[in-house]
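# Secondary and tertiary structure notes
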Amino acid sequence: MLKFWYKEFPQYPPDHADYWRVRLIEHTLLLTTVYFLVLSLINLFDFQDIKYAILDASGFIISLGIYAGFRITGHVNIAAWALTLLVTALLLLFVVSAGGYSHSLYWATLVPPIAFFLLGPHWGAVISAVVFTVCVALVYEQVQQQQEVTFGLGALYNVVEVSIAHILLFRFYEGTRTLAYQQLAAQNVKIQNLAERDKLTGLYNREKLDLKLEEMLSTILDTERAVTVMILDIDHFKLVNDSYGHLVGDKVLTGLAEQLRKKMRSGDLLARWGGEEFVVVLSNTTLDAGILQAERLRAFVAEQEIEGKFLTISLGLAQNQLGDTAETLLDRADKALYQAKSQGRNRVVA
Ligand SMILES: Nc1nc2c(ncn2[C@@H]2O[C@H](COP(=O)(O)OP(=O)(O)OP(=O)(O)O)[C@@H](O)[C@H]2O)c(=O)[nH]1
């Protein structure tokens, strides 16, 4: 039943500005429809009050009408206005005809949440101010009349019914707010990943690597703390693409990225620098220690079967010097890589 009531509108996908307002309209309409029906039955059978029973029955019918119209047209603004005006008009009618007695004024407190949630801060404030002005006028009249007030069962019903409506409204509103926030947070993570991760391997991309390396270098004020970068490049990778196709080439790149990830220490950075080139930033590592690690990595990769193939890699290393930027450091490592390639590949040059 609830699933049927909450219709998904393709024109309002989850990232649409009105997605949650649509939910709010459907929810409030469900609330008003059920409420007006129940109230008209209570007034008819419990209080035998035809006048209020008819008032609530018309609220029930109009709520259903707005809901049907909204389902067919999907027009958010019209539905939000129609619903707010319906609730406001009927509540005012009830409060005024009850003269503000028997805690009927309590019903007016339902107007602000509905008007603010559905119409926003401007119209929410205007409509609430109108309704509360009427309430103040009614109380003023009561004060003038100085009548003795007696409370019947109706007063109790008024307080209980309004309290339940408030809990249901705010419970739903807080639920949508939390969901909307979670949705936004998930989208932010997605966007951040798109901005800083390589799509194929999931490793940091070149831009993120530059930023991180720059950050790392800027915190090193003397050369005591060493940072060594290595650029590694798959040997004859073009042959893989040419012989087995680009898709297999992609799988090899992903497979190699996976193997490299396994070998990283915490604090090291791993990024895809370009086509078949990867960069590893070794924090707190001198060039000599870096060469040892690079040799281990080279031997390790040569032993791995990736997509049914054995590959070799060439590595170029450089250690930071005073005044280095990410660009100058990577440039020295790249030159070393070039030498490793020209000296026959499958080797480490620093
Ligand atoms: N499958 C795949 N191939 C890529 C990607 N990016 C770059 N390449 C390929 O990587 C290959 C790089 O070729 P080269 O620069 O000649 O290098 P190489 O064949 O590895 O030779 P050396 O580096 O000199 O040993 C080219 O065939 C590119 O098309 C990618 O994302 N996926």
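Predicted model only: the values in this text are computed from it and were never measured. (Residues numbered from 1 in each chain as written. Predicted model: local features only at pLDDT ≥ 70, side-chain atom pairs only at ≥ 80, totals over all residues.)

## Things to note about the site of the ligand
Selection rule: To decide nearness, the C-beta atom of each residue is placed from the backbone, and the residue is near a molecule or strand if that atom lies within 6 Å of it. Runs of H or I in DSSP of at least four residues are treated as helices and runs of E of at least two as strands, each being numbered from the N terminus. Amino acids outside the nonpolar list (Ala, Val, Leu, Ile, Met, Phe, Trp, Tyr, Cys, Pro) and the charged list (Asp, Glu, Lys, Arg) are all regarded as polar, and Gly is one of them.
Near the ligand lie 16 residues; those nearest to it are Asp235, Phe237, Lys238, Gly249 and Gly275. Elements represented by at least two residues in the shell around the ligand include exactly β1 (227-234), α8 (237-244) and α9 (246-263). With 4 residues, α9 is the largest single contributor of residues to the shell around the ligand. Among the residues making up the shell around the ligand, the classes are represented as 4 nonpolar, 5 polar and 7 charged.

## A closer look at the confidence of the model for the protein chain
Stated formally: Per-residue confidence from the predictor is given as pLDDT, running between 0 and 100.
Across the protein chain, the average pLDDT comes to 92, with 99% of residues at 70 or higher. Of all helices and strands in the protein chain, the one with the weakest mean pLDDT is helix α1 (residues 2-5) (83), whereas strand β6 (residues 313-319) scores best (97). Confidence estimates for the predicted assembly give a pTM of 0.66 and an ipTM of 0.95.

## Quick notes on helix α6 (residues 153-196)
As a reminder, the rule being used: Under the convention used throughout, the expected extent of a helix is 1.5 Å for every residue step, that is, one less than its residue count. For the exposure call, what matters is how many other C-beta atoms sit within 10 Å of a residue's own: 20 or more marks it buried, 12 or fewer exposed, and in between partly exposed, using C-beta atoms placed from the backbone.
The terminal C-alpha atoms of α6, which comprises 44 residues, lie 65 Å apart, in line with the 64 Å expected from a rise of 1.5 Å per residue. Counting buried residues in α6 gives 2 out of 44 residues, a small share hidden from the surface.

## Considerations on the sheet that holds strand β3 (residues 277-283)
Which entries qualify depends on this criterion: Any two strands with at least two DSSP-identified bridges between them are counted as paired. The contact rule is simple: place each C-beta atom from the backbone, and if two of them lie within 7 Å, those residues are in contact. Axis lines are fitted through C-alpha atoms, for helices just across the contact stretch, and the angle between N-to-C directions can take any value from 0 to 180 degrees.
Spatial strand order, β2-β3-β1-β6-β7: 5 strands in an open sheet with mixed pairing. Looking along the sheet, the strands with just one partner apiece sit at the ends: β2 (269-274) and β7 (348-349). Relative to β7, β6 runs parallel, the two being bridged by 2 bridges. Considered in β7, the bridge of Leu315 is made with Val348. Against the sheet, helix α11 (residues 326-342) makes contact with β1, β6 and β7, and its axis sits at roughly 145° relative to β6, the strand it touches most.

## Some remarks on the packing of helix α2 (residues 19-46) against α6
Our working definition: Angle categories: roughly parallel below 35 degrees, roughly antiparallel above 145, roughly perpendicular from 65 to 115, and oblique for all the rest. Note on convention: near helix rotated counterclockwise from far helix by under a right angle means a left-handed crossing. Clockwise means right-handed.
α6 packs onto α2 with a crossing angle of 165° between their chain directions and a minimal axis gap of 11 Å. Of the possible angle classes, the one that applies to α2 and α6 is roughly antiparallel. Read as a crossing pair, α2 and α6 show a hand that is right-handed. Of the residues in α6, those touching α2 at Trp20, Arg23, Leu24, His27, Leu31 and Tyr35 are Ala165, Leu168, Leu169, Phe172, Thr176 and Ala180. Considered class by class, the residues forming the contact of α2 with α6 number 9 nonpolar, 2 polar and 1 charged.

## Some remarks on the environment of Arg347
With respect to the helices, strands and loops of the structure, Arg347 is situated in the loop between α11 and β7. Spatially, the C-alpha atom of Arg347 lies 7.3 Å from that of Arg298, the residues being 49 residues apart in sequence. Once you skip the residues sitting within four places of it in the chain, Arg347 turns out to touch Ser314 and Ala340.

## Some details on α2
The terminal C-alpha atoms of α2, which comprises 28 residues, lie 40 Å apart, in line with the 40 Å expected from a rise of 1.5 Å per residue. Once α2 ends, the next one or two residues include Gln48, with phi positive near 45°.

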